[in-house]
Amino acid sequence: SAADAKPQCGADTKDKCLKVAGCRWFEIREPCKLCEDWAGDIEDLTGCRDWNPYDFCRDQIFWHFLDESPAAKAAGARSTEFIDVVRHFQVTQGRGDIGGPHGKTFFCDVWCDSTDCEGQARSNHSIIRGLNYGGRFLPEKFLGLNGTDEYLFKDINKSVDARVI
């Protein structure tokens, strides 16, 4: 049916691609010698596509490198060399604004906890820092996030029975 049809993402430029609903522009930020060495045919990973950025970064970049490239596997997912190569892959999508020229950019990154690592798409090189208290994310003042005092904690007063730690 027409509702199930995938968008036609055959645009050959970033500008044309971002005007097609459901399409995103996949590219490698240069220079990146190891990108080609580790990825093989980068034509298969770039251009105008209807791929999900999160799946792309996890499956087609992170896991593809570890599964298919002996050099990437030898470097390891926690190495700065591996992380640097993964971060060269980025995705831009249109914002849906009529006539809006600016797209939303994601870049691929590596996230590791104490036991495993995963590939992920991260928005605009932003790293959100804070603590999670019972399912609520709370950015702490000592993390130095912009706007914490001006917006988040504006007009908040310490309770009379609160202690300073």
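Structure shown above.
Residues numbered from 1 in each chain as written. Predicted model: local features only at pLDDT ≥ 70, side-chain atom pairs only at ≥ 80, totals over all residues. Heavy atoms only, no water.

J.: What should I look at first to understand the pairing of strand β5 (residues 117-123) in this one?
T.: One face of the sheet, then the other: side chains in a regular strand alternate in exactly this way. Judged from the 7 bridges that link them, strand β4 (residues 103-112) and β5 form a sheet pairing that is antiparallel. Bridging across to β5, F106 finds its partner in S123. In this antiparallel pair of consecutive strands, β4 and β5, the connection spans 4 residues. (Pairing = 2+ DSSP bridges. Helix = DSSP H or I, 4+ residues; strand = E, 2+ residues; numbered from the N terminus.)

J.: Would you take a moment to explain the sheet that holds strand β1 (residues 24-28) for this structure?
T.: In any sheet, the strands associate via hydrogen bonds between backbone groups, in a parallel or an antiparallel arrangement. Pairing is antiparallel in the open sheet, where 5 strands are placed in the order β2-β1-β3-β4-β5. Across the chains shown, the open sheet's two edge strands, defined by having one partner strand only, are β2 (47-49) and β5. Adjacent strand axes in the sheet meet at a mean angle of 30° when their direction is disregarded. Helix α3 (residues 53-68) contacts β1, β3 (89-94), β4 and β5 of the sheet and is inclined by roughly 140° relative to β5. (Axes fitted to C-alpha atoms, helices over the stretch in contact; angles between N-to-C directions. Contact = heavy atoms within 4.5 Å.)

J.: Teacher, can you tell me more about the nonpolar core here?
T.: Counting 27 residues, the largest nonpolar core has F56, I61, F65, F82 and F89 as the members making the most contacts within it. Only β1, α2 (33-39), α3, α5 (80-86), β3, β4 and β5 provide two or more residues apiece to this core. With 6 residues, the single largest contributor to this core is α3. Leave out the neighbours within four places in its chain, and F89 touches E27, I28, C35, A39, L45, F56, I61, F65, F107 and C108. Listed in part, the 7 residues of the second largest apolar core include C9, C17, C23 and C48. (Core = buried A, V, L, I, M, F, W, Y, C linked by side-chain atoms within 4.5 Å. Buried < 20%, exposed > 50% of the residue type's maximum accessible area, 1.4 Å probe, protein only.)

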